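So the chains spell out like this:
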Amino acid sequence: MRLPAEIASFASPQHHTDTALAITGVHKRFDKVTVLKHIDLQVRQGEMLCLLGPSGCGKTTLLRIIAGLEAQTSGRIVQNERDISWLPPVKRDYGIVFQSYALFPNLTIAENVAYGLVNRKKPRAEIAARVAELLKLVGLPTSGEKYPAQLSGGQQQRVALARALATSPRLLLLDEPLSALDALERIRLRGEIRRLQQKLGVTTIMVTHDQEEALSMADRIVVMNHGVIEQVGTPNDIYERPATPFVADFVGKVNVLPAVALGQGRFRAGRLELHCSGERGDYAPGQAVRLYLRPEDRAVGHEREGQPNRVSGEVRKVEFLGSSCLAEMQIDELDGQALQLCFSLNQLHDLGIQAGARIDLALRSERIRVFPAAVEGVRA
């Protein structure tokens, strides 16, 4: 399919390798503090990769090392088969968008977008045409003569994005670009950024601590913790098949049940024997484990008939979330331990879910994840 002219002129050129960026053994220390520990990561051509993790996990430091704004202590970075490990930022091929917009307040919007092209001494007519195309691309075709202070935060971030794309970089770096915006503008702009990235096919690395942003925007997510990569995978992989207790606990809501292995995929939690059909781990009878279960991983009504892991309990409180609700239930078979379970608005009414109501349900055996209780980082 042929791309429109304003898109084709910014699309990344094709290469004979599927790897846009290869990071090998990157290690970073500040004095005696290690913030990155031997990071190995490959970024594919044209994908959007999100670096996700809590504050202090090293994700922003890794992005700054890729940009050349920080120097790694050791390790190698190769972009499109070109070693950029120790090159200064100006010698690297990327555009970057910061959390704070970083627009020049004394320049017009058009002049802000044109800044990198002017520095490269491009012809004036070519700059004007490129700026017009980019402003149209980000939905601000008539804002060229305005100044940053005359635009909203979301509009300013669109300008910052246009400026980052002006020189047609092969790599786009986004450093928490939405965190300064209000909730509705964040949702609107993340959809626009994702659509633009897919149209242009530009390889993009975004840093965020917002799970919803990462899950909704990324082709793949890199979950980081204490300077190491915990898991790399698609949003579905990260959410449905977490590789470590930290990933299970950090991404989305989860219930954690202390249990003891009985063998053959069976576990005892309280007075309840749970079958975990999706669990591949080999746990010896008597081994202490933790069972991880998402709030939505339950069956109710006719849906639960014939299913194992049937339980009953009393609703203690309900948190209304609009189209869904989060019910805290005290489960009889778990010796009164509470579970947080998610229900749709229709189920809220159809099942009479309210404080004091008793509900019968089944915990989905294929959705329970199991980790050894002794693994560091397991929530108590």
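- Under the annotation held in an unreviewed UniProt entry, the protein carries the name 2-aminoethylphosphonate ABC transporter ATP-binding protein and is attributed to Polaromonas jejuensis.

1. Details of unusual backbone geometry
Argument step 1. Phi at asparagine 80 takes a positive value of approximately 50°, unusual for a residue other than glycine.
Argument step 2. Within the secondary structure, asparagine 80 sits in the loop between strand E4 (74–79) and strand E5 (82–83).
Argument step 3. Using a relative accessible area of 14% as the deciding quantity, one classes asparagine 80 as buried.
Argument step 4. Here tyrosine 101, not a glycine, exhibits a phi torsion of approximately 70°, which is positive.
Argument step 5. Counting through the fold element by element, tyrosine 101 comes out in the loop between strand E6 (95–97) and helix H3 (109–119).
Argument step 6. You can call tyrosine 101 buried: its relative accessible area is 15%.

2. Overview of the sheet that holds E5
Argument step 1. If you walk across this open sheet you meet the four strands as E2-E1-E4-E5, and the pairing is antiparallel. The outermost strands of the open sheet, each flanked by one partner alone, are strand E2 (33–44) and E5.
Argument step 2. Relative to E2, strand E1 (residues 19–30) runs antiparallel, the two sharing eight bridges. Bridging across to E2, lysine 28 finds its partner in leucine 36.
Argument step 3. The strands touched by helix H2 (residues 59–67) are E1, E2 and E4; relative to E1, the strand with the most contacts, the crossing angle is about 115°.

3. A word on the packing of aromatic side chains
Argument step 1. Applying the stated rule across the entire model yields four aromatic pairs.
Argument step 2. Plain terms: the ring middles of phenylalanine 267 and tyrosine 283 are 5.9 Å apart, the flat faces sit at 70° to each other, and that makes the pair edge-to-face. Placement of phenylalanine 267 in strand E12 (residues 266–269) and of tyrosine 283 in the loop between strand E13 (272–275) and strand E14 (288–293) is noted, with a sequence separation of 16 residues between them.
Argument step 3. We classify phenylalanine 267 as buried; its relative accessible area is 2%.
Argument step 4. Where tyrosine 292 meets phenylalanine 371, the ring centres are 5.5 Å apart and the plane angle is 90°; that geometry is what we call edge-to-face. With tyrosine 292 in strand E14 and phenylalanine 371 in strand E20 (residues 369–372), the pair connects residues that are 79 residues apart, well separated along the chain. Each of the two residues, tyrosine 292 as well as phenylalanine 371, counts as buried.
Argument step 5. Here the basic side chain of lysine 28 rests over the ring of phenylalanine 30, its NZ or CZ set 4.6 Å away from the ring centre.
Argument step 6. Its end group placed over the ring of tyrosine 239, arginine 294 keeps NZ or CZ at 4.2 Å from the ring centre.

4. Details of the UniProt feature "domain: ABC transporter" (unreviewed entry) in the protein
Argument step 1. Those residues carrying the UniProt feature "domain: ABC transporter" (unreviewed entry) are residues 21–251 in this numbering.
Argument step 2. A distance of 25 Å separates the end C-alpha atoms of residues 21–251, which is 36% helix and 26% strand.

5. Quick notes on the nonpolar core
Argument step 1. Leu161, Leu174 and Ile193 are the most contacted members of the largest nonpolar core, which totals 46 residues.
Argument step 2. Top element by residues in this core is helix H5 (residues 153–165). It accounts for six residues.
Argument step 3. Among residues more than four places away in sequence, those in contact with leucine 161 are Val97, Leu172, Leu174, Ile193 and Leu196.
Argument step 4. Val300, Cys325, Leu334 and Ile368 belong to the second largest nonpolar core, which has 31 residues in total.

6. A short note on the packing of H5 against helix H6 (residues 183–200)
Argument step 1. Packing of H5 against H6 brings their axes to within 11 Å, and their N-to-C directions diverge by 20°. Of the possible angle classes, the one that applies to H5 and H6 is roughly parallel. Of the two possible hands of crossing, H5 and H6 adopt the one that is right-handed. Facing Gly154, Gln157, Arg158, Leu161 and Leu165 of H5, the residues of H6 in contact are Glu185, Arg188, Leu189, Glu192, Ile193, Leu196 and Leu200.

Rules used throughout
- Residues numbered from 1 in each chain as written.
- Predicted model: local features only at pLDDT ≥ 70, side-chain atom pairs only at ≥ 80, totals over all residues.
- Heavy atoms only, no water.
- Helix = DSSP H or I, 4+ residues; strand = E, 2+ residues; numbered from the N terminus.
- Buried < 20%, exposed > 50% of the residue type's maximum accessible area, 1.4 Å probe, protein only.
- Pairing = 2+ DSSP bridges.
- Contact = heavy atoms within 4.5 Å.
- Axes fitted to C-alpha atoms, helices over the stretch in contact; angles between N-to-C directions.
- Phe/Tyr/Trp six-rings, centres within 6.5 Å; stacked < 30°, edge-to-face > 60°.
- Lys NZ or Arg CZ within 6 Å of the ring centre and 35° of its normal.
- UniProt positions renumbered as here; feature names shortened; annotations may be inferred.
- Core = buried A, V, L, I, M, F, W, Y, C linked by side-chain atoms within 4.5 Å.
- Parallel < 35°, antiparallel > 145°, perpendicular 65-115°, else oblique.
- Left-handed = near helix turned anticlockwise from the far one by under 90°.

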